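Structural overview for review
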There are 2 protein chains.
Amino acid sequence: MTDRLEQQFAFLREVEKLKSVTRATPIHDASRPENSAEHSWTLALYALVLADQAAPGVDALRAVKMLLIHDIVEIDVGDVPIHSAGGTAHSSADIQAAELTAATRIFSLLPKDMADEFQALWEEFEAAETPTAIYAKSLDRAQPVLLNHQSGGGSWIDYDVTWDQLETRVGSKIARGLPGVWDWVKTRIRPWFADRGL
Amino acid sequence: MTDRLEQQFAFLREVEKLKSVTRATPIHDASRPENSAEHSWTLALYALVLADQAAPGVDALRAVKMLLIHDIVEIDVGDVPIHSAGGTAHSSADIQAAELTAATRIFSLLPKDMADEFQALWEEFEAAETPTAIYAKSLDRAQPVLLNHQSGGGSWIDYDVTWDQLETRVGSKIARGLPGVWDWVKTRIRPWFADRGL
Ligand SMILES: [Ca+2]
């Protein structure tokens, strides 16, 4: 098993670098930006805790695996904030191509069977077509909204986000997999925007 | 489902605070201390990636769940470094009692059925008797060793750790669940201590 171990630890050593990738959302007390490693931890917990809110056919533990690895490509590409470039940068073809190259580089550090499994999980997440991937994507959109709210506004302030922009860029994607969750979140955060005339 | 959602999000909001709990180990480039949230992410990945190194009877996905929540008690208690107080603080009765109180407070934010499940998972991890808990504990001891090594020494320098102390406090616990992993790790890190006459 030594060759396998060598490859497994090469991967585990490389992904430590995700702790240096910062995001647009601040942590709970607004003391610093969140990083993509701790963000991924939060999302894995979201997938466990909200499993009973998921649509039929969702495999919550598969979503946990997906969310643990979904941002590893950012080691090479960085995080692209959802509200940057007027909300368009996140889905640009250039960024998608760079992320695919990064996924292949990093997952290939693993033994072939695991590399294939992780790459397939990551591609399933990105395609957002299976019930499990739709669930995971909805969680990935919901957590930054709640964390922005918890920390006092976060990236909504930095990017001058209006309520309509939030509904279009984020709310519609949360609602796709978790309509009840978006209803709940909406009633909590709508006042933040209304109070500011946004 | 609204009452459940209220409780689920009360928990998910509370655990965001784990991002403010710092550990004795620095991150990969030694630029800052690791925090317990990103540490938990790394361990969940360890549990996935090293599953084929585990003993018979280990449920790797159950270990992932365990490791995602294993440090949540530190929101109230803080992290107790393994090498602090001559290696004794970590298992003191006072700290164990405080951690149990914290687990009950934080998991009780969840709906009763989930609170019970998470509390049982956490207690199983702490007891370190089932194959899955022994596996999870071994990973929890292995990752800081490799991260200390990756970052140039980390808490080994801060606490003047010798090779014998590392073998007793940490190596024996990695070897309990993952003897092949400890053999592999040992050959990589032994020179760091030998070079310094430790
Ligand atoms: Ca992302």
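Preceding this section is the structure that the text describes.
These numbers come from a predicted model, not from an experiment.

Our next topic: the overall build of chain A. Of regular secondary structure, chain A possesses 10 helices and 2 strands. Of the regular secondary structure in chain A, the N- to C-terminal order runs α-β-β-α-α-α-α-α-α-α-α-α. For chain A, whose C-alpha radius of gyration is 17 Å, the value lies close to the compact-globule estimate of 16 Å for 198 residues. Dimensions of chain A along its principal axes, counting C-alpha atoms only, are 60 × 35 × 30 Å. Across the 198 residues in chain A, those meeting the buried criterion constitute 56%. Surface accessibility of chain A: about 7,700 Å² in total, with carbon and sulfur atoms responsible for 52%. Charge separation in chain A, taken as the distance between the mean sites of 19 positive and 29 negative side-chain charges, equals 2 Å.

Residues and elements named next belong to chain B. Contact pair helix 5 (residues 93–107) / helix 6 (residues 112–127): the axes reach a minimum separation of 9 Å and the direction vectors enclose 155°. As far as their axial angle goes, helix 6 and helix 5 are roughly antiparallel. Here helix 5 and helix 6 pass one another in a crossing that is right-handed. For the pair helix 5 and helix 6, the contacting residues are Glu99, Leu100, Ala103, Thr104 and Phe107 in the first and Ala115, Phe118, Gln119, Trp122, Glu123 and Glu126 in the second. Across the contact of helix 5 with helix 6, the residue classes tally to 6 nonpolar, 2 polar and 3 charged.

With that out of the way, let us pick up the coordination of the calcium ion. Those donors, A:Asp71 (OD) and A:Glu74 (OE), are the protein atoms that reach the calcium ion, and they lie 2.8 Å from it. Take A:Asp71: its relative accessible area is 8%, and that puts it in the buried class.

What follows deals with the pairing of strand 1 (residues 22–26) of chain B. All names here are of chain B. Sheet analysis places strand 1 next to strand 2 (residues 33–35), joined by 2 bridges and oriented antiparallel. The residue of strand 2 that forms the bridge with Pro26 is Pro33. Adjacent in sequence and paired antiparallel, strand 1 and strand 2 are bridged by 6 residues, among which Ala30 carries a positive phi angle near 65°.

What follows is about the packing of aromatic side chains. Here the structure, examined in full by the defined rule, presents 20 aromatic pairs over all chains. Plain terms: the ring middles of A:Phe9 and B:Tyr46 are 6.1 Å apart, the flat faces sit at 65° to each other, and that makes the pair edge-to-face. Note that A:Phe9 is positioned in helix 1 (residues 2–15) and B:Tyr46 in helix 2 (residues 36–49), a pairing that runs across two chains. Comparing A:Phe9 with B:Tyr46, the two get one shared label, buried. By way of ring pairs, the aromatic residues A:Trp156, A:Trp163, A:Trp182, A:Trp192 and A:Phe193 are connected into one cluster. The side chain of A:Arg196 reaches across the aromatic face of A:Trp192, ending 4.1 Å from its centre.

With that settled, consider the pattern of salt bridges. One pass over the full model with this rule turns up 34 salt bridges over all chains. Of the charged contacts, one joins B:Arg4 and A:Asp52 as a salt bridge, the two residues approaching to 2.5 Å between their closest N and O atoms. Of this pair, B:Arg4 sits in helix 1 (residues 2–15) while A:Asp52 sits in the loop between helix 2 (36–49) and helix 3 (60–69), each in a different chain. Here B:Arg141 ties to B:Asp140 by a salt bridge, and the two come within 3.5 Å at their closest N and O atoms. Ionic contacts of the salt-bridge type, sharing partners, join the residues A:Glu16, A:Lys19, B:Arg23, B:Glu34 and B:Asp79 into one network.

Moving on to the nonpolar core. Ranked by internal contacts, the top residues of the largest apolar core, which has 117 residues, are A:Ile72 and B:Ile72. Non-local contacts of B:Ile72, meaning those with residues more than four positions away in its chain, are made with A:Trp41, A:Leu45, B:Phe11, B:Val15, B:Leu18, B:Ile106 and B:Phe107.

About the cut-offs
- Residues numbered from 1 in each chain as written.
- Chains lettered and ligands numbered in written order.
- Predicted model: local features only at pLDDT ≥ 70, side-chain atom pairs only at ≥ 80, totals over all residues.
- Heavy atoms only, no water.
- Helix = DSSP H or I, 4+ residues; strand = E, 2+ residues; numbered from the N terminus.
- Rg over C-alpha atoms; globule rule 2.2 N^0.38 Å.
- Buried < 20%, exposed > 50% of the residue type's maximum accessible area, 1.4 Å probe, protein only.
- Areas by Shrake-Rupley, 256 points an atom, 1.4 Å probe, with all protein chains shown as cover.
- Lys, Arg positive; Asp, Glu negative; His and termini not counted.
- Charge placed at Lys NZ, Arg CZ, Asp CG, Glu CD.
- Axes fitted to C-alpha atoms, helices over the stretch in contact; angles between N-to-C directions.
- Parallel < 35°, antiparallel > 145°, perpendicular 65-115°, else oblique.
- Left-handed = near helix turned anticlockwise from the far one by under 90°.
- Contact = heavy atoms within 4.5 Å.
- Nonpolar A, V, L, I, M, F, W, Y, C, P; charged D, E, K, R; others polar.
- Donors = N, O, S within 2.8 Å, 3.2 Å for Na, K, Ca; no water.
- Pairing = 2+ DSSP bridges.
- Phe/Tyr/Trp six-rings, centres within 6.5 Å; stacked < 30°, edge-to-face > 60°.
- Lys NZ or Arg CZ within 6 Å of the ring centre and 35° of its normal.
- Salt bridge = Lys/Arg side-chain N within 4 Å of Asp/Glu carboxyl O.
- Core = buried A, V, L, I, M, F, W, Y, C linked by side-chain atoms within 4.5 Å.

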